[in-house]
Amino acid sequence: MSERTLVLVKPDGVRRGVVGEVVSRIERKGLTLVALELRTLARETAEAHYEEHSSKPFFGELVEFITGGPLVAMVVEGPRAIEAFRALAGATDPVSATPGTIRGDFALEIGENIVHGSDSTYSAEREIKLFFPELG
Ligand code: GDP
Ligand code: MG
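A brief look at the structure comes next. This one's a predicted model, so the numbers in the text were calculated from it and none came from an experiment.

**What about unusual backbone geometry?**
- At R80, a position not held by glycine, the phi torsion is positive, near 50°.
- Note on placement: R80 falls in the loop between β3 (71–79) and α5 (81–89).
- Overall, R80 belongs to the partly exposed group, with 14 C-beta atoms counted inside 10 Å.
- Of note in this structure, I114 is not a glycine but carries a positive phi near 75°.
- Structurally, the position occupied by I114 is in the loop between α6 (102–106) and β4 (115–117).

**Some points on the nonpolar core**
- In this structure, L6, V7, V76, F85 and V115 are the most contacted members of the largest nonpolar core, which totals 29 residues.
- Contributions of two or more residues to this core are made by β1 (2–9), α2 (19–29), α4 (59–66), β3, α5, α6 and α7 (121–131).
- When near neighbours in sequence (up to four residues on either side) are disregarded, V76 contacts R4, T5, V7, I26, L31, T32, L33, V34, A81 and F85.

Conventions used here
- Note that residues are indexed from 1 along each chain, following the sequence as it is written.
- Chains and ligands are labelled by the order in which they are written, letters from A for the one and numbers from 1 for the other.
- The predicted nature of this model means local features are confined to residues of pLDDT at least 70 and side-chain atom pairs, given and counted, to a pLDDT of 80 or more, with totals for whole chains, interfaces and linings taken over all residues.
- Runs of H or I in DSSP of at least four residues are treated as helices and runs of E of at least two as strands, each being numbered from the N terminus.
- The exposure label follows from counting other C-beta atoms within 10 Å of a residue's C-beta, where the C-beta atoms are placed from the backbone and the thresholds are 20 or more for buried and 12 or fewer for exposed, leaving partly exposed in between.
- The term nonpolar core refers to a set of buried Ala, Val, Leu, Ile, Met, Phe, Trp, Tyr and Cys residues connected through C-beta atoms within 7 Å.
- Note on contacts: residues are paired as contacts if their backbone-placed C-beta atoms lie within 7 Å.

Below, the structure written as structure tokens:
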């Protein structure tokens, strides 16, 4: 049983030049790329993407950051792809993230933690629809 997840290389990851590294880790794991696009998010898309965090004190900062430069959006497919990519990404706080994970290897700040991966089948479906409506 295959599933799909939305992966973002956030603007810090693009700026740092680790897009290839992230794609390489996804491919090495055996996951498949279904869609991939470089784009700069409109504020409304960013707010919709992070709507579950809209009441958090860091929401404004989060939206500014994610719209602040181009990002790479991907749809990634494979068996338990959601959980598999979250494992590759590592913990949200990159200082706690295990070395060997993307965040554990490339980041230090929670607000600039390189990648996003959907956290459930519900989120994946919602986020894929938001970024790649043509795949629906
Ligand atoms: P994720 O699913 O691991 O990405 O983490 P969450 O869904 O909890 O949070 C979404 C994103 O918001 C994280 O990846 C962080 O980049 C950012 N974030 C979470 N907590 C904080 C915080 O306390 N401060 C700031 N500036 N950003 C945060
Ligand atoms: Mg999340």
